Amino acid sequence: MAGAEELKVLGTRQSMFTVRVLCALDLKGVDYELVQEDLVNKSSLLLSLNPVHKKVPVLVHGGKPIAESKIILEYIDETWKQRPLLPEDPLERAHARFWAAFIDDKLMEAARKAFMTTGEDQAKAIESTMEALELLEQELGGKKYFGGDEEIGYVDMVAGWIAYWLQFVEEVGGFKAMDAAKYPCLDAWIQNFVHIPSVAQNLPSPDDLRDIFCAMRMAMATQTK
Ligand SMILES: N[C@@H](CCC(=O)N[C@@H](CS)C(=O)NCC(=O)O)C(=O)O
């Protein structure tokens, strides 16, 4: 049975993409081994298992690698059926995939630009980030989670970085986009999400994240000199 084979995750808890995968496995009660990766000095195992992107996370199931966190989440959901992440209805599934893509492609890209830039470019990127947050606020509406009031699902896991990583991106990047008063539904979602045990146990320490984002800013400053 595919689901019973050895399961490893190559990654690090500092990576928001890795933590999505760990949360999903923990939520489903699936045993796995986290193989710690040093992203400054990537292992030959990682490079051989994800030669295209050379990034974490990689899920290795029975020796077979699967890369890209959203694809891994879908693989997990299809392999271990307990505690589904995606809805059953095709239209609702499409809707969940749409918002997950929006979160990664639009919102994350805007926040990344706000972190990487200064001055006028940063102001524009903050505006784009806030526009994307507003759309997400409307999508969440009065629901407790993106998939409804009952339990977290696929979109919540993809959005997880907004609940935790974004505050350190903002702090180190010297900007503010997430505003509890402007986005009260998102703020309530954040408070609920970070306290869910399968999420809370996988979050990295604030100091680790500050260190990483500071190192990224310093590397940027050195490159632009
Ligand atoms: N689209 C990928 C993004 C993964 C990603 O960017 N991972 C980062 C860590 S957060 C990484 O491995 N970075 C190493 C590098 O870019 O060289 C996914 O969803 O899995």
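Residues numbered from 1 in each chain as written. Predicted model: local features only at pLDDT ≥ 70, side-chain atom pairs only at ≥ 80, totals over all residues. Heavy atoms only, no water.

**Q** Give me the lowdown on the overall build of the protein chain, citing residues and values where you can.
**A** For the protein chain, the helix and strand inventory stands at 10 helices and 4 strands. Along the protein chain, helices (α) and strands (β) appear in the sequence β-α-β-α-β-β-α-α-α-α-α-α-α-α when read from the amino end. Against the globule reference of 17 Å for 225 residues, the protein chain gives a C-alpha radius of gyration of 18 Å, in line with a compact fold. Here the C-alpha coordinates of the protein chain stretch approximately 55 × 45 × 25 Å along the principal axes. Among the 225 residues that make up the protein chain, the fraction classed as buried is 47%. When contacts within the protein chain are restricted to residue pairs at least 6 apart in sequence, long-range pairs at least 24 apart make up 70% of them. Summed over all atoms, the accessible surface of the protein chain reaches about 11500 Å², with 55% contributed by carbon and sulfur. With 24 positive and 35 negative side-chain charges, the protein chain shows a separation of 5 Å between the mean positions of the two kinds. (Helix = DSSP H or I, 4+ residues; strand = E, 2+ residues; numbered from the N terminus. Rg over C-alpha atoms; globule rule 2.2 N^0.38 Å. Buried < 20%, exposed > 50% of the residue type's maximum accessible area, 1.4 Å probe, protein only. Contact = heavy atoms within 4.5 Å. Areas by Shrake-Rupley, 256 points an atom, 1.4 Å probe, with all protein chains shown as cover. Lys, Arg positive; Asp, Glu negative; His and termini not counted. Charge placed at Lys NZ, Arg CZ, Asp CG, Glu CD.)

**Q** Requested: an account of the pairing of strand E4 (residues 64–67), with residues and values cited.
**A** Sheet topology places strand E3 (residues 58–61) next to E4; 4 bridges connect them, and they run antiparallel. If you follow His 61 over to E4, its bridge partner there is Lys 64. The antiparallel hairpin formed by E3 and E4 contains 2 residues in its connecting segment, where Gly 62 sits at a positive phi of about 60°. (Pairing = 2+ DSSP bridges.)

**Q** Can you break down helix H6 (residues 154–163) residue by residue, with the values?
**A** Quick reminder: α-helices carry 3.6 residues per turn. Residues three or four places apart thus point the same way. Along H6, 10 of the 10 residues are buried, which leaves the element largely enclosed by surrounding structure. Every buried residue of H6 is accounted for by Tyr 154, Val 155, Asp 156, Met 157, Val 158, Ala 159, Gly 160, Trp 161, Ile 162 and Ala 163. Packed against the buried residues of H6 are helix H1 (16–28), helix H3 (69–79), helix H4 (90–116), helix H5 (119–140), helix H7 (165–173) and helix H8 (184–193).

**Q** I'd like to hear about the layout of surface pockets, residue by residue, with values.
**A** By volume, the largest pocket is sized at about 1200 Å³. Ser 15, Met 16, Phe 17, Leu 39 and Met 216 are the residues nearest the centre of the largest pocket, which is lined by 36 residues in total. Broken down by secondary-structure element, the contributors of at least two residues to the lining of the largest pocket are H1, H3, H4, H7 and helix H10 (206–224). Each residue belonging to the lining of the largest pocket can be placed in one class, and the counts come to 18 nonpolar, 6 polar and 12 charged. Inspection of the lining of the largest pocket shows a minimum of three residues originating in each of domain 1 (2–79) and domain 2 (90–224). Approximately 400 Å³ is the volume found for the second largest pocket. Around the second largest pocket sit 21 residues that line it, and Leu 85, Leu 86, Pro 87, Gly 147 and Gly 153 are the ones nearest its centre. When residues of the lining of the second largest pocket are traced back to their parent elements, those giving at least two are H4 and H6. Ranked by residue count, the leading element in the lining of the second largest pocket is H4, at 4 residues. Considered class by class, the residues forming the lining of the second largest pocket number 10 nonpolar, 4 polar and 7 charged. (1 Å grid on protein atoms, 1.4 Å probe; cavity = no way out; pocket = protein on both sides within 12 Å on 5 of 7 lines; lining within 4 Å. Points joined across faces, edges and corners; volume = space filled by probe spheres on them. Nonpolar A, V, L, I, M, F, W, Y, C, P; charged D, E, K, R; others polar. Domains from an automatic or database assignment.)

**Q** If you had to explain the site of the ligand to someone new, which residues and values would you point to?
**A** Taken together, Ser 15, Phe 17, Leu 39, Lys 42, Lys 55, Val 56, Pro 57, Glu 68 and Ser 69 make up the full set of residues near the ligand. Within the side chain of Lys 42, a nitrogen or oxygen atom sits 2.4 Å from an oxygen atom of the ligand. A distance of 2.6 Å separates an oxygen atom of the ligand from a polar side-chain atom of Ser 69. When the ligand is considered free in solution it has 510 Å² of accessible area, and contact with the protein chains removes 72% of it. When atoms are counted within 2 Å of each cavity's grid points, the one that captures over half of the ligand is the largest pocket. (Near = heavy atom within 4 Å. Polar contact = N/O pair within 3.5 Å; in protein donor to acceptor, adjacent residues only side chain to side chain. Sits in = over half its atoms within 2 Å of the grid points.)

**Q** Break down the side chain of Asp 104 for me, with residues and values.
**A** If you trace the backbone, Asp 104 turns up in helix H4. Residue Asp 104 is classed as buried on the basis of its relative accessible area of 12%. Of the polar contacts made by the side chain of Asp 104, one reaches the side chain of Arg 20; its length is 2.6 Å. In contact with Asp 104, other than residues within four places in its own chain, are Phe 17, Arg 20, Lys 70, Glu 109, Val 158 and Trp 161.

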